[in-house]
Amino acid sequence: MSAMSGILTMLAGEALEAVLATSAACLLVLLLRGPARALFGARAAYALWWLVPAALLAVLLPAPQIAPTAIELGRASAAFGPLAQLAAPESPELPAWTRVGLALTLVWLIGCVAALIALVRQQRRFRRSLGSLQPAGEGLWKAEAREGLPAVIGLHPRIVLPADFERRYTPEQQTLVLAHERVHAARGDVYWNLGIALLCALQWFNPLIRMAQRAFRLDQELACDARVLALHPQSRRSYGEALLGSSTAFPAAPLACAAFGTHPLKERITMLTRPLPSLIRVSAGFALSLALGTGVAGLAWAQQTPRIVDAEMLDIQLQLSIDGGPTHSPRVITPAGQEFGIRLEAPEGQEWSFDLVAERAQQGLIDVSGRVSREGTLAASPQLSLREGVPGRIALEGPDAGRFSLLLTAKATTGAAPPPPPAPPAPPASPAAVSASAPPAPPAPPTPPSPPAPRPAPIVAVEPPQGDDTAVAYRRLQPAKYPKEAIAQKIEGETLLHVQVLSSGAPGQISVYRSSGSELLDQAAIDTTSNWLFHPAKRAGKAIEAWITVPIRFALDEEQLAASEAEAVGTPPSYRRLSPPDYPATAKAAGQEGTTLLEVEIDATGNVQTVNIVAGAGSDVLDRAASDAVERWSFNPATSDGLAVDSRILVPVQFIASNSAAEPYAAPPGALDTITLRAD
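Each value, and the rule that gives it
Residues numbered from 1 in each chain as written. Predicted model: local features only at pLDDT ≥ 70, side-chain atom pairs only at ≥ 80, totals over all residues. Heavy atoms only, no water. Buried < 20%, exposed > 50% of the residue type's maximum accessible area, 1.4 Å probe, protein only. Helix = DSSP H or I, 4+ residues; strand = E, 2+ residues; numbered from the N terminus. Pairing = 2+ DSSP bridges. Axes fitted to C-alpha atoms, helices over the stretch in contact; angles between N-to-C directions. Contact = heavy atoms within 4.5 Å. Parallel < 35°, antiparallel > 145°, perpendicular 65-115°, else oblique. Nonpolar A, V, L, I, M, F, W, Y, C, P; charged D, E, K, R; others polar. Expected span 1.5 Å × (residues − 1). Polar contact = N/O pair within 3.5 Å; in protein donor to acceptor, adjacent residues only side chain to side chain. Patch = residues over 30% accessible without salt bridge, like charges linked within 9 Å, V, L, I, M, F, W, Y side chains within 5 Å. Areas by Shrake-Rupley, 256 points an atom, 1.4 Å probe, with all protein chains shown as cover. Salt bridge = Lys/Arg side-chain N within 4 Å of Asp/Glu carboxyl O. Phe/Tyr/Trp six-rings, centres within 6.5 Å; stacked < 30°, edge-to-face > 60°. Lys NZ or Arg CZ within 6 Å of the ring centre and 35° of its normal.

Enquirer: How should I be thinking about unusual backbone geometry in this particular structure?
Expert: Among all residues save glycine, negative phi is the norm, and among peptide bonds the norm is trans. Backbone geometry places lysine 490, a non-glycine residue, at a positive phi of 55 degrees. Its relative accessible area of 43% is what places lysine 490 among the partly exposed residues. Even without being a glycine, asparagine 659 presents a positive backbone phi close to 60 degrees. Along the polypeptide, asparagine 659 turns up in the loop between β33 (647–656) and β34 (675–678). Looking at asparagine 659, the relative accessible area reads 74%, which means it is exposed.

Structure (structure tokens):
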């Protein structure tokens, strides 16, 4: 069932991306088609619709690829000295979200089938209504019917004329009607109509696609009208009479381009009264459509969840001992050729870092090389060649540089890293320092399966102590939570705890062995440690009680300090939702201009309470227009110590008359950005 969940999740993700991409593209075209038609003509506005298939094709293309990478084990284990376990959440055989997903998928499929059946029935009904078709010469066919004709129909486009074609239209109108239909046929509009009809069937639940289909068919006819008028510029009147004399209520079929009567005529008649745009404007419109489509497609493709490239993974088991201390046994699964790191502390407190790279070599060997540093100083640059499954050792002995022993065993896997074992072991116990960041992220509870993350984390596991006599070992730990009060007061320090580990592995008594100097930090350390679990110490194979000492450090970095200061200082109010004032018509006509400076009182919810005029524009009409508009605005409220508060702010509104050379108004210190309105 996990395989079914994964497939369902993948398909749901692909479907959601397709719906979002096509919806965004349709919305963009719906917003731009009117201005594009006014500026560049109907043909350029129709060209904008290529944004929809471009966006859909982009999300169907293979997603961007990234190579898997390893994460430093010190970070993966939340900066503990001994590495913490990463437990895999248990997933039920059939989660509730999977059942809901299956139900929704079934509903979608039923809707798709119903919509496709409706399309087929509509096309068959239209085709049957035409009766038998008879050749009429020059690629033309004549039907027995009159409704819904003339039209271009079929996957092999044919121009079909009504039975009363010669009686309905004058010779000049006949020429114009045929020119219109031949434009449809030459552009392959029947295929575009079929494509958007299928898209509507697949997204039957999406009202935006239905709106787009109606607008698309209208833009298609307007573009054809513009092309015919460009070929016959002296025939506007005859063309308009042909439009008005061809009204019909017959619905448009998916595989048909009816010339007249299947779309609202108001826009089409209105276009006949306007001059056609110049070739330069039309070309600019097509260039804009091409640029927008390319940009939308690129953005849709880039927003996909990156696909992780299959890569050879190396499974590396390590046994590491520093300065004669306890042996740590981390296991790392990392892509071949990429660096991974281990950060540990020696018993004396020195920090050691092991930055290693494992990669394939000739004759089936695995080469391991890298850097070993002590307190940031390079201590060794080891190189080792291993056979799969055969351990190899790296060691350093020196009175000044310290000493360590590292035993490695490597073997290769394929594809992504396998899941962690059902019961990950824990690290051996030692007085290892635990670092806390502010605020650290607590371990997340088990969640249902989700789409693959862009970067896979390596699997980290540590073998428990072996033998009949062992010391306490960590079993499950989580980072200490930095108290907010301590962050605000910029308190740092280290708490040394004395912890009793019971024979069950649970913590017993916890006392402060050495205080950090702050009760906040000491209590946070105690609260955190009380939730840890341990592997108890053993004597002669029997679990016993034992005491260990655990130091926990609290340290702030620059980002946390900056965030704390920003929260303490607070933020001023800012614009949230506003609609510019209307430039009064009387002021426009009189050439009045100026700047109204308003003092706005804003409550803690961001709503305007009062508006006072600090400095007028020299015109009561302009001042009143600015004040009335600002009263309806809403703002992001000011904050202090992280809480929203009441505030006052200056808002300048500048009115600039037509053909005026006035400079932009320079807002006074502390005021919001100037709202500028131009009469032209």
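Past the structure itself, the notes keep going.
Enquirer: Sorry, what's going on with the sheet that holds strand β28 (residues 594–602) here?
Expert: Sheet strands associate in pairs through backbone hydrogen bonding, adopting either a parallel or an antiparallel arrangement. The four strands lie next to each other as β29-β28-β33-β34, forming an open sheet whose pairing is mixed. Only two strands of the sheet have a single neighbouring strand rather than two, namely β29 (608–615) and β34. Direction aside, the axes of adjacent strands within the sheet are offset by 25 degrees on average. As paired strands, β28 and β29 are joined by six bridges and run antiparallel to one another. Paired with leucine 597 across the two strands is alanine 615, which belongs to β29. Contacts from helix α17 (residues 620–630) reach β28, β29 and β33 within the one sheet, and its direction differs from that of β28 by about 30 degrees.

Enquirer: Just to check I follow, could you spell out the packing of helix α7 (residues 171–187) against helix α10 (residues 236–244) for this structure?
Expert: Helix-helix packing: each pair is described by the crossing angle between the helix axes and the interaxial distance. It is at 9 Å that the axes of α7 and α10 come closest, and there the two elements cross at 75 degrees. Classified by the interaxial angle, the pair formed by α7 and α10 is roughly perpendicular. Taken together, the residues of α10 that come into contact with α7 (itself represented by Glu172, Gln173, Leu176, Val177 and His180) are Ser238, Tyr239, Glu241 and Ala242. For the contact of α7 with α10, a count of residues per class yields four nonpolar, three polar and two charged.

Enquirer: Help me understand helix α9 (residues 207–231), please; the structure alone is not making it clear to me.
Expert: At 3.6 residues per turn, the α-helix brings residues three or four places apart onto the same side. An ideal rise of 1.5 Å per residue puts 36 Å on 25 residues; α9 measures up with 37 Å between its terminal C-alpha atoms. Measuring from the backbone nitrogen of leucine 208 back to the side-chain oxygen at the start of α9 gives 3.1 Å, which picks out asparagine 206 as the cap.

Enquirer: Would you explain the pairing of strand β10 (residues 330–335) in this entry?
Expert: Side-chain direction in a regular strand flips from residue to residue, so the side chains alternate between the two faces of the sheet. For β10, the tally of buried residues reaches six of six residues, placing the bulk of the element in the interior. Residues Pro330, Val332 and Thr334 line one face of β10 and the alternating positions Arg331, Ile333 and Pro335 line the opposite face, and both faces are buried. Two strands pair when backbone bridges link them, and strand β8 (residues 313–322) and β10 are joined in this way by five bridges, in the antiparallel orientation. Paired with leucine 314 across the two strands is threonine 334, which belongs to β10.

Enquirer: Sorry if this is basic, but what is going on with a nonpolar patch on the surface here?
Expert: A cluster of nonpolar residues, Val107, Trp108, Leu109, Leu202, Trp204 and Phe205, forms a patch on the protein surface that exposes about 530 Å² of accessible area. Looking at the nonpolar patch, the element that brings in the most residues is helix α5 (residues 96–129), giving three residues. On the secondary structure map, phenylalanine 205 appears in the loop between α8 (189–202) and α9.

Enquirer: How should I be thinking about the packing of aromatic side chains in this particular structure?
Expert: Any aromatic ring pair is given by two values, namely how distant the centres are and how the planes are angled relative to each other. Tallied over the full model, the rule gives eleven aromatic pairs. Judged by centre distance (5.5 Å) and plane angle (40 degrees), the ring pair of tyrosine 46 and phenylalanine 216 falls under tilted. Placement of the pair is tyrosine 46 in helix α2 (residues 42–47) and phenylalanine 216 in helix α9, with a sequence separation of 170 residues. Assigned by exposure class, tyrosine 46 and phenylalanine 216 land together as buried. Measuring from ring centre to ring centre gives 5.9 Å for tyrosine 575 and tryptophan 633, while their planes differ by 85 degrees; the resulting arrangement is edge-to-face. One end of the pair, tyrosine 575, is in strand β27 (residues 574–577); the other, tryptophan 633, is in the loop between α17 and β30 (634–636), with 58 residues separating them in the sequence. Members of the aromatic cluster, connected to one another through ring pairs, are Tyr46, Trp49 and Phe216. Directly above the ring of tryptophan 141 sits arginine 158, whose terminal nitrogen or CZ lies 5.1 Å from the centroid.

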